[in-house]
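Coordinates in review
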Amino acid sequence: MPGLTLLGLTALLGLRAGAPLCLSRQLSMQGHYVLGGLFPLGSTEDAGLGDRTEPNATVCTRFSSLGLLWALAMMMAVEEINNGSALLPGLRLGYDLFDTCSEPMVAMKPSLVFMAKAGSRSIATYCDYTQYQPRVLAVIGPHMSEVALVTGKFFGFFLMPQVSYSASTDRLSNRETFPSFFRTVPSDRVQAVAMVELLQELRWNWVAAMGSDDEYGRQGLSLFSSLANTKGICIAHEGLVPLPHARSPRLDCTQGLLPQVNQSSVQVVVLFSSARAARSLFSHSLHCRLSPKVWVASEAWLTSDLVMTLPGMDQVGTVLGFLHQGALMPEFSAYVQTRLALAADPAYCASLAAERQGLEEHVVGPRCPQCDHVTLESLSEGLLHHRSFPAYAAVYSVAQALHDTLLCNASGCPTREPVRPWQLLENMYNLSFRARGLTLRFDTSGNVDMDYDLKLWVWQDLMPTLRTVGTFDGRLTLQRPQMRWHTPGNKEPVSQCSRQCEEGQVRRVKGFHSCCYDCVDCKAGSYQRNPDDTLCVQCDQDQWSPDRSTRCFPRRPSFLAWGEPAVLVLLVLLGLALGLVLAALGLFIRHRDSPLVQACGGPRACFGLACLGLVCLSVLLFPGRPGPASCLAQQPLLHLPLTGCLSTLFLQAAEIFARSELPPSWADWLCGHLRGPWAWLAVLLAMLAQAVLCTWYLVAFPPEVVTDWRALPTEALVHCRVHSWISFSLVHATNATLAFLCFLGTFLVQNQPGHHNSARGLTFAMLAYFITWVSFVPLLANVPVASQPAVHMGAALLCVLGILATFHLPKCYLLLRWPDLNTPTFFLGGCQRAGGREGDSGKKQMTPGPVTSPQ
């Protein structure tokens with residue numbers, strides 16, 4: 001309030017210091033339409049309502065400056081409307097203001113007076129109250145939710161419009177229970193939402209919550225708790241604060257709750273309380289030496305002198321809360337000054353005394369005896385933080401509804417008929433009105449939409465000032481540089497049960513509170529979707545993620561690529577094997593008529609080498625991205641040529657076995673057939689058997705291209721899947737049988753002196769075959785699926801190199817290094833002898849001489 005105003009008020013009151021005023025007589029005024037008013041002008045803390053034994057009168061002893069300022073704001077609004085011509089030209093509003101003492105039972109008596117029939121002191125009983133005309137047209141007030149819940153139901157029965165300027169409990173939004181209730185302040189639900197957003201914005205998720213043990217505190221605490229739980233805010237301690245005059249067992253509970261809060265890690269306390277209960281709680285907390293905390297205040301005690309003036313309040317910590325914005329009323333201080341000046345004027349007071357005393361004086365007694373002893377100090381502090389606009393706006397809402405009911409315009413109000421409360425009520429639903437340039441509108445629940453300021457207590461001397469540090473208009477906006485904390489270095493307080501988890505971690509809750517948790521890393525293949533998740537989310541099968549990831553990545557296809565090191569090594573090995581095969585084949589073709597090549601089978605030996613070359617080329621089907629055709633062709637194109645090679649070796653092994661182990665006559669006959677067309681028939685039959693097995697394998701159990709999403713950690717493995725390992729093994733059966741028979745036919749054959757030992761080369765060739773493919777089985781079973789194509793390639797190439805190294809290459813070495821041994825006697829042996837007996841009956845002894853060569 002400006003200094004000049006205070007000085008003027010001091011001058012006016014100074015001459016009559018200590019003399020009673022006549023302010024209580026100004027609380028009523030005649031008019032065409034009278035508005036009732038319910039204000040907390042006093043309190044009943046010392047009245048002992050709980051000890052009453054008779055329904056006698058109740059005296060409210062303690063004075064409330066805030067209630068008087070609300071009443072003066074209503075009076076100011078009525079005078080403005082009467083002095084203007086915008087709303088009710090030619091009409092005057094009157095008012096009857098009474099004290100509720102902040103008690104429902106006290107408020108009931110003036111409520112009955114309001115509903116008394118005009119000109120009488122009683123409420124008549126009718127079946128139909130449509131034509132009933134009570135003393136007042138509408139009621140402004142009361143301020144407390146607990147009082148409004150009682151009066152709201154009472155006035156709702158008569159459909160009497162009631163506009164509260166402070167009752168904010170959400171229960172009053174129920175239109176079925178309170179059909180005629182309106183208010184010019186937002187519901188507590190909006191304030192609770194703002195509180196929760198404040199805690200979220202400052203990352204305070206571990207708080208204590210308390211509420212006064214009345215309707216306002218219980219309902220506000222319940223609203224806050226439910227909203228906080230949905231937003232992941234944990235309430236570590238919760239309790240109700242008893243009212244100062246209550247003999248409640250909760251007092252001991254509250255006294256036990258404060259030490260628990262003091263000993264815990266909670267640094268923030270939300271207090272949804274009336275001013276009297278808040279003062280009682282802080283008195284006890286200061287006595288118990290509660291460590292400084294952040295107190296999130298509800299609107300009811302944020303600006304209360306009862307709390308602000310409590311000694312030691314500057315030691316409780318940081319206090320901040322939300323206050324509805326409303327509109328500025330700069331003339332209000334001057335109006336209060338004028339009213340107090342008139343109350344000190346003897347002539348004005350005498351004029352009021354000359355008027356006829358109202359009937360209500362005999363019923364409710366003096367309206368406000370404490371108001372006649374008001375002092376400058378008792379009002380100046382309240383004017384610093386007054387919240388009088390809602391009471392002022394409530395009058396304008398009724399005036400606007402009356403304007404619409406009477407069809408008023410700039411020239412006057414054509415309709416001068418009596419207006420009954422229910423008629424006025426019809427025009428108040430969804431009403432839009434203006435007060436001090438601010439447009440307000442009642443919604444379907446009777447609430448107004450009004451923004452909030454976030455206020456912070458900043459201590460200056462013995463009283464705090466309110467600093468705006470944020471706004472809430474459905475969305476919270478903070479002015480962090482303006483905020484001041486009680487902590488050392490003005491560091492923003494932290495109130496969390498557990499530290500914030502890092503990226504890629506989820507919360508494993510400990511105990512009953514979701515805010516107390518351990519941080520657990522998300523493993524590979526899962527990720528953290530939201531910061532508050534308690535479980536890691538598994539990636540889709542076509543995605544992957546590393547440890548502690550916050551997202552998944554697409555898997556790229558993986559297969560045995562041509563450029564991989566293993567494939568390059570195998571291709572070098574392929575080149576070596578194919579080069580040796582071609583070299584041996586070329587040498588054999590060049591010396592096709594030589595005894596050595598003839599002993600190896602002649603054309604069959606060249607056919608066998610060509611088959612080995614095809615085996616080498618078949619491994620080119622394994623690298624690269626698998627396709628349906630390559631998967632089907634891999635095994636047949638590998639095993640059919642191998643069968644052709646092994647069948648030629650088997651024929652040679654059979655020839656060696658016959659020459660060594662059978663009688664000469666049988667051996668000559670068998671050797672003759674093994675070197676004729678029958679030999680090619682045997683090769684054809686072996687390959688035909690292999691072809692039948694391969695056809696059955698492809699038809700019954702065809703390999704297919706599949707994508708394995710789990711074989712590799714970050715890639716999708718594309719490979720050929722074998723449906724039946726038994727059928728896969730049977731494909732090897734023909735070759736294994738040929739190799740086994742070949743090995744049996746040469747392993748025990750005795751070496752003939754002076755002849756080439758072909759049996760030894762065949763034996764080692766078969767050993768190389770068995771070693772390769774027997775090693776292939778466990779290796780294929782144990783390597784990862786991604787490496788199996790490389791194992792196939794390696795086995796095929798090693799098999800070819802083994803046969804070449806043990807059988808064909810030694811022959812090539814003899815052709816090149818020992819050409820003098822390339823004779824029929826040394827290589828053809830017994831078969832030549834058999835042919836010789838057919839042309840010469842004499843037996844000829846062969847003497848090879850002292851020739852040494854690799855055997």
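Residues numbered from 1 in each chain as written. Predicted model: local features only at pLDDT ≥ 70, side-chain atom pairs only at ≥ 80, totals over all residues. Heavy atoms only, no water.

All right, on to the overall build of the protein then. A count of helical and extended segments in the protein gives 28 helices and 27 strands. Residues counted as buried form 51% of the 855 residues belonging to the protein. Considering only contacts in the protein between residues 6 or more positions apart, those separated by 24 or more positions represent 71%. Summing over all exposed atoms, the protein offers an accessible surface of approximately 38800 Å²; the carbon and sulfur share of this is 58%. (Helix = DSSP H or I, 4+ residues; strand = E, 2+ residues; numbered from the N terminus. Buried < 20%, exposed > 50% of the residue type's maximum accessible area, 1.4 Å probe, protein only. Contact = heavy atoms within 4.5 Å. Areas by Shrake-Rupley, 256 points an atom, 1.4 Å probe, with all protein chains shown as cover.)

Before going further, it helps to spend a moment on the pairing of strand β11 (residues 268-272). A large share of β11 lies buried, amounting to 5 of its 5 residues. Residues V268, V270 and F272 point to one face of β11 and V269 and L271 to the other, with burial holding for every one of them. Of the strand pairs in this sheet, strand β9 (residues 206-212) and β11 are connected by 4 bridges, and their pairing is parallel. For G211, the partnering residue across the bridge sits in β11 and is F272. Direction of pairing for β11 relative to strand β12 (residues 293-297): parallel, over a ladder of 4 bridges. In the strand pairing of β12, V268 is matched with V294. Handedness of the β-α-β unit built from β11, helix α8 (residues 275-287) and β12 comes out right-handed. (Pairing = 2+ DSSP bridges. Right-handed = clockwise from strand over helix to strand, strands pointing away.)

Before going further, it helps to spend a moment on the sheet that holds strand β27 (residues 715-721). The 3 strands are arranged β25-β27-β26 in an open sheet whose pairing can be described as mixed. Looking at which strands have only one partner, the edges of the open sheet turn out to be β25 (556-558) and β26 (704-708). Put simply, the sheet's adjacent strands are angled 30 degrees from each other on average, direction ignored. Bridge count between β25 and β27: 3 bridges; the pairing is parallel. Looking at the pairing, S558 lines up with L717 of β27. (Axes fitted to C-alpha atoms, helices over the stretch in contact; angles between N-to-C directions.)

Moving on, we come to the environment of H143. With respect to the helices and strands, H143 occurs in the loop between β6 (138-140) and α4 (145-157). For the pair H143 and A391, spaced 248 residues apart in sequence, the C-alpha to C-alpha distance is 9.4 Å.

Quick look at helix α22 (residues 677-700) now. Under the 1.5 Å per step criterion, the end-to-end length of α22 is 34 Å for 24 residues, consistent within 8% with the ideal 34 Å. Within α22, the full set of buried residues consists of A679, V683, A686, Q690, C694 and Y697. (Expected span 1.5 Å × (residues − 1).)

A separate point is helix α6 (residues 215-230). Between its terminal C-alpha atoms α6 stretches 23 Å, which fits the 22 Å expected from 16 residues at 1.5 Å a residue. Restricting attention to buried positions, one finds in α6 the residues E215, Y216, G217, Q219, G220, L221, L223, F224, S225, L227 and A228. On its buried side, α6 packs onto α4, α5 (188-201), β9, β10 (234-241), β11 and α9 (299-302). G232 lies just past α6 and shows a positive phi near 80 degrees.

Counted under the stated rule, the structure contains 9 disulfides. With its sulfur 2.0 Å from that of its partner, C368 forms a disulfide with C371. Residues C368 and C371 are joined by a disulfide whose S-S torsion is about 75 degrees; by sign, that bridge is right-handed. By relative accessible area, which is 0% here, C371 ends up buried. Here C631 is linked by a disulfide to C720, with a sulfur-sulfur distance of 1.8 Å. Its S-S torsion of about -80 degrees marks the bond between C631 and C720 as left-handed, since a negative value means left-handed. With C631 in helix α20 (residues 628-661) and C720 in strand β27, this pair connects stretches of sequence that are 89 residues apart. Of the two residues, C631 and C720, neither departs from the other in class, the shared state being buried. (Disulfide = S-S within 2.5 Å.)

This part takes up the packing of helix α3 (residues 104-115) against α4. Relative orientation of the contacting elements α3 and α4 amounts to 30 degrees, with a least axis distance of 10 Å. Relative to α4, the element α3 is oriented roughly parallel. In this structure, α3 crosses over α4, and the sense of that crossing is right-handed. Along its contact with α3, which presents P104, A107, M108, S111, L112, F114 and M115, the element α4 presents E146, V147, V150, T151, F154 and F155. Of the residues that constitute the contact of α3 with α4, the class distribution is 10 nonpolar, 2 polar and 1 charged. (Parallel < 35°, antiparallel > 145°, perpendicular 65-115°, else oblique. Left-handed = near helix turned anticlockwise from the far one by under 90°. Nonpolar A, V, L, I, M, F, W, Y, C, P; charged D, E, K, R; others polar.)

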